[in-house]
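Tertiary structure, described
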Amino acid sequence: MAKDKTVFVCSECGGISPKWLGKCPHCHAWNTLVESTPESSAPTKNRFASLAKTAELAILGDIDAVDMARIPTGHDELDRVLGGGMVEGGVVLIGGDPGIGKSTLLLQALDSLQRSGQNTLYVTGEESGAQVALRARRLGLDGSQVRVLAEIGLEKILATLESTRPDIAVIDSIQTVYSEQLTSAPGSVAQVRECAAHLTRAAKASGVCIVLVGHVTKEGALAGPRVLEHMVDTVLYFEGDTHSSFRLVRAIKNRFGAVNEIGVFAMTEKGLKGVSNPSAIFLSQHAEPVPGSCVMVTLEGTRPMLVEIQALVDSGGPSPRRLSVGLDKDRLAMLLAVLHRHAGVACMDQDVFVNAVGGVRISEPAADLAVLLSITSSLRGKPLPKGFFAFGEVGLAGEVRPAPRGQERLKEAAKLGFSVAVVPKANLPKNLQSKDFEGLTIHAVERVEQAMAVVRDLAY
């Protein structure tokens with residue numbers, strides 16, 4: 001039987017080559033040729049024609065804007081990251097390190113959806129049906145009615161979706177699926193892109209919600225072409241150390257909800273359980289206040305969370321080190337310069353180590369003030385008062401800039417029993433007598449030296 005003809009197309013310029021080359025002969029870019037099927041001159045039907053919807057020209061203002069109906073997954077933390085739940089016809093891409101819990105969480109979610117009356121399908125290309133059943137037994141999902149299909153052929157998967165009409169389908173994983181249209185191996189760039197395109201169009205045409213599981217590279221990015229993230233509606237990343245019991249699910253892209261939302265899960269013997277109060281994870285339990293520790297309130301999407309910032313300042317000799325874990329290293333160097341110039345606190349001959357407790361990564365500049373106060377506390381050996389927290393951005397001129405949604409941060413800290421706050425003046429609530437701030441003493445500052453003076457007065 002004759003082999004189907006294939007060509008190699010450059011992903012940069014679109015140039016076509018009959019064989020694979022390391023460098024594109026048209027634009028001279030390296031490693032950009034990917035296998036594809038050639039366009040036929042015969043008037044054959046395009047393989048995407050059956051999935052393409054026809055639509056008439058319409059005026060934007062005349063189109064009825066209807067909110068998408070949400071399907072709760074039965075896991076509040078997962079629903080938070082998804083923007084409220086699954087969406088009809090939506091495509092979700094979830095990635096993470098091997099063994100982090102992707103398949104476990106999705107199997108639990110499918111079981112909850114099935115028990116609530118949804119028609120579910122779990123397509124596994126990495127395991128047999130017996131292995132999936134064993135995992136379900138370990139998770140305590142006895143008697144689950146989730147339908148399982150062990151298949152990697154795209155055409156068979158699409159036929160099953162067409163015949164069974166599920167409400168939610170999980171493809172685990174997209175790297176194992178292959179299409180007969182291409183001769184390359186499963187997991188190659190051409191196969192992943194082709195299969196993802198077909199599944200995405202099938203989801204839009206039939207209304208089934210499809211969840212794609214994606215492998216990650218050594219750098220932590222989703223394997224396969226970058227276009228995979230542009231095809232889908234929602235991209236979720238599983239984060240966390242496999243040696244820790246806590247997992248974070250972060251939304252990188254979401255067409256139906258807020259981005260940078262975070263869901264916190266704890267891995268137990270019965271699978272992943274949502275953590276309703278994640279601030280307890282990121283706060284160390286000290287019997288008494290210790291030097292070098294300062295609590296700040298960070299925003300993860302729409303959720304305010306309390307995180308402990310720890311600093312250790314020690315004599316460093318002729319070449320002192322600057323090390324930060326969970327925070328930007330370059331920003332730490334900038335803050336040390338601001339601390340020296342505007343507050344008169346020098347750490348030029350000191351090692352400075354800063355850590356965000358619990359493995360959380362803080363990217364917003366609202367952590368600046370807490371970092372400076374924790375460094376000063378460690379340098380002087382004086383602990384900050386009990387129940388103390390701070391937040392605010394610090395500028396190069398020494399000013400303390402406001403943080404977005406400051407009142408929500410203050411309410412969250414007051415709810416957890418914190419009593420003393422140092423915040424930017426612009427974040428001072430107008431109604432301090434509100435019950436939301438009951439028992440909270442707020443010190444508003446405009447400059448770094450004012451914040452240092454306030455903390456010095458509180459410490460003595």
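Structure shown above.
To keep things clear, this report deals only with the structure shown in the data block. (Residues numbered from 1 in each chain as written. Predicted model: local features only at pLDDT ≥ 70, side-chain atom pairs only at ≥ 80, totals over all residues. Heavy atoms only, no water.)

Moving on: the side chain of glutamate 261. As for its position among the elements, glutamate 261 is in the loop between strand E12 (246-254) and strand E13 (262-268). Comment: no salt bridge for buried glutamate 261; closest opposite-charge side chain is arginine 80, at 4.2 Å. Contact partners of glutamate 261, with chain neighbours within four places excluded, come to Arg80, Val81, Val249, Arg250, Ala251, Glu300, Gly301 and Thr302. (Helix = DSSP H or I, 4+ residues; strand = E, 2+ residues; numbered from the N terminus. Buried < 20%, exposed > 50% of the residue type's maximum accessible area, 1.4 Å probe, protein only. Lys, Arg positive; Asp, Glu negative; His and termini not counted. Salt bridge = Lys/Arg side-chain N within 4 Å of Asp/Glu carboxyl O. Contact = heavy atoms within 4.5 Å.)

Once that is clear, we can look at the packing of helix H4 (residues 154-164) against helix H5 (residues 189-206). Viewed as axis vectors pointing N to C, H4 and H5 meet at an angle of 10°, and their least axial separation amounts to 11 Å. It follows that H4 is roughly parallel to H5 by the angle criterion. Across the interface between the two elements, Leu154, Ile157, Leu158 and Leu161 of H4 pack against Cys195, His198, Leu199 and Ala202 of H5. For the contact of H4 with H5, the class distribution of residues is seven nonpolar, one polar and no charged. (Axes fitted to C-alpha atoms, helices over the stretch in contact; angles between N-to-C directions. Parallel < 35°, antiparallel > 145°, perpendicular 65-115°, else oblique. Nonpolar A, V, L, I, M, F, W, Y, C, P; charged D, E, K, R; others polar.)

Taken residue by residue, a regular strand's side chains alternate between the two faces of the sheet. Counting buried residues in strand E15 (residues 293-300) gives eight out of eight residues, a clear majority hidden from the surface. Here E15 shows two buried faces, one formed by Ser293, Val295, Val297 and Leu299 and the other by Cys294, Met296, Thr298 and Glu300. Where E15 lies against strand E16 (residues 303-315), eight bridges are found, and the strand directions are antiparallel. When the sheet's bridge partners are listed, serine 293 is paired in E16 with glutamine 310. Where E15 folds back on E16, the antiparallel hairpin that results is connected by two residues, among which glycine 301 adopts a positive phi of roughly 70°. (Pairing = 2+ DSSP bridges.)

Now for unusual backbone geometry. Keep in mind that most residues, glycine aside, have a negative phi and that most peptide bonds are trans. Omega for the bond connecting aspartate 172 with serine 173 falls within 30 degrees of zero, at 5°, which places this linkage in the cis form. Relative to the helices and strands, serine 173 resides in the loop between strand E9 (168-172) and H5. Positive phi outside glycine occurs at asparagine 31, with the angle close to 55°. For asparagine 31, the location among the structural elements is in the loop between strand E2 (16-17) and strand E3 (33-36). With a relative accessible area of 61%, asparagine 31 lands in the exposed category. Despite not being glycine, arginine 405 shows a phi value in the positive range, around 55°. The topology assignment puts arginine 405 in the loop between strand E21 (400-401) and helix H9 (406-415). With relative accessibility at 33%, the residue arginine 405 sits in the partly exposed group.

Take helix H8 (residues 368-380) next. The terminal C-alpha atoms of H8, which comprises 13 residues, lie 19 Å apart, in line with the 18 Å expected from a rise of 1.5 Å per residue. Taken across its 13 residues, H8 has eleven buried, putting it largely inside the fold. When H8 is considered as a whole, its buried residues turn out to be Asp368, Leu369, Ala370, Val371, Leu372, Leu373, Ser374, Ile375, Thr376, Ser377 and Ser378. Phi for glycine 381, located one or two positions after H8, is positive at around 70°. (Expected span 1.5 Å × (residues − 1).)

By the definition in use, this model includes two cavities of 30 Å³ or more. Approximately 60 Å³ is the volume found for the largest cavity. As for the largest cavity, its lining consists of 13 residues, of which Gly85, Val87, Val92, Thr234 and Phe256 are closest to the centre. Contributions of two or more residues to the lining of the largest cavity are made by strand E5 (86-87) and strand E6 (91-95). In the lining of the largest cavity, the residues fall into seven nonpolar, four polar and two charged. Size it by volume and the second largest cavity reaches roughly 50 Å³. When residues of the lining of the second largest cavity are traced back to their parent elements, those giving at least two are helix H1 (76-82), E6 and helix H2 (102-115). Across the lining of the second largest cavity, the residue classes tally to nine nonpolar, no polar and no charged. (1 Å grid on protein atoms, 1.4 Å probe; cavity = no way out; pocket = protein on both sides within 12 Å on 5 of 7 lines; lining within 4 Å. Points joined across faces, edges and corners; volume = space filled by probe spheres on them.)

With that settled, consider the nonpolar core. Membership of the largest hydrophobic core comes to 64 residues, with the highest contact counts inside it found for Ile375 and Phe389. Residue contacts for phenylalanine 389: discarding those within four places in its chain leaves Val295, Val297, Leu410, Ala413, Phe418, Val420, Ala421, Val422 and Leu440. Within the second largest apolar cluster, 31 residues are counted, among which are Leu105, Tyr122, Val211 and Leu272. (Core = buried A, V, L, I, M, F, W, Y, C linked by side-chain atoms within 4.5 Å.)

Backbone hydrogen bonds hold the strands of a sheet together, and the pairing may be parallel or antiparallel. Ordered by their spatial adjacency, three strands build an open sheet running E2-E1-E3, and the pairing between neighbours is antiparallel. Since the sheet does not close on itself, it has two edges, and those belong to E2 and E3, each with one partner.

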